[in-house]
Every structure is written in structure tokens, then in C-alpha cells.
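# Structural features, examined
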Amino acid sequence: QVQLVDSGGGLVQAGGSLRLSCAASGLTFSNYAMGWFRQAPGKEREFVARIGRSGGSTYADSVKGRFTISRDNANNMMYLQMSSLKPEDTAVYYCAADRNIPSGILTAVGRYDYWGQGTQVTVSS
């Protein structure tokens, strides 16, 4: 069955860097757009970044210039490189897979078909 396993979270000081990974199995990885979302305590899950089937990317305004999303189709892997981290980046980060055509609201939580279990990122000040 389909499984997404996200990892790489941890504790980092403000200004530091961290790389999250998402390993996919049970699906034809190249047929899916992939995304990262995050959820802080008391807040709704929010869009962070998306990478399309051909590698084009989209970022939330809050992370532009600091985060980079990438994918490795040969190894069914997707990554989020986070730099210049801020305390407000603290959240549980989730990877997600979207098999749908690239139309409508691409950043919407509801359009994604599969989700990882989440990995905690904590940025201290």
C-alpha cells in the first residue's frame, strides 16, 4: 500500500538549517506532485511548498528565499531544505502526494491524496 515516511526534523537554533526527507513507496512516484505542509499548535495545517511532476516549484510567501523543495524520482524521494530558520517555523511538518491534474488551488490541503506521519521541527530563539 501507499506509504509516505517523512523524517529529518529536530531542534535547531534560529538562523540554522535543517533538511527534511520524504520517502514514498507503493505508488508511481513520478505521477505525483509532492508538497510540504506544516501545523503549529492551535493553528490549521498550512501550505509550505509544492513541487510538480516536472520539477516546477511553488512556495508560501513566508518561506520564499529560505526553503527549497526538491525531488529525486529515481529514488522516490522528496526533500525540503530549510535555511535561516525562525522560531515561527516551529511546527510539525508533513509531506504529501497529489495525483490530480494541476488545476484549481494547488496549495489546498484537501487535494492531496496521501500524507506522511509528520516530523517535528523546533526552532529556538
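Up top is the structure these notes are about.
Below or above, wherever it landed, is the structure these notes cover.

Definitions and limits used
- Residues numbered from 1 in each chain as written.
- Predicted model: local features only at pLDDT ≥ 70, side-chain atom pairs only at ≥ 80, totals over all residues.
- Heavy atoms only, no water.
- Disulfide = S-S within 2.5 Å.
- Helix = DSSP H or I, 4+ residues; strand = E, 2+ residues; numbered from the N terminus.
- Buried < 20%, exposed > 50% of the residue type's maximum accessible area, 1.4 Å probe, protein only.
- Pairing = 2+ DSSP bridges.
- Axes fitted to C-alpha atoms, helices over the stretch in contact; angles between N-to-C directions.

## Concerning the state of the cysteines
Counting across every chain of the model gives 1 disulfide. There is a disulfide in this structure between Cys22 and Cys95, and the S-S distance comes to 2.2 Å. Between Cys22 and Cys95 the sulfur-sulfur dihedral comes to about 60°; the bridge is accordingly right-handed. Linking Cys22 in strand β3 (residues 18-25) with Cys95 in strand β9 (residues 91-98), this pair joins segments that are 73 residues apart in sequence. Taken as a pair, Cys22 and Cys95 share a single burial class, namely buried.

## Points about the sheet that holds strand β7 (residues 67-72)
An order of β1-β3-β8-β7 is seen for the 4 strands of this open sheet, with the pairing classed as antiparallel. In the strand order of this sheet, the two ends are held by β1 (3-7) and β7, each with one partner. Pairs of neighbouring strands in the sheet enclose a mean axial angle of 15°, with direction left out of account. The pairing of β1 with β3 spans 5 bridges and is classified as antiparallel. Of the residues in β3, the one forming a bridge with Gln3 is Ser25.

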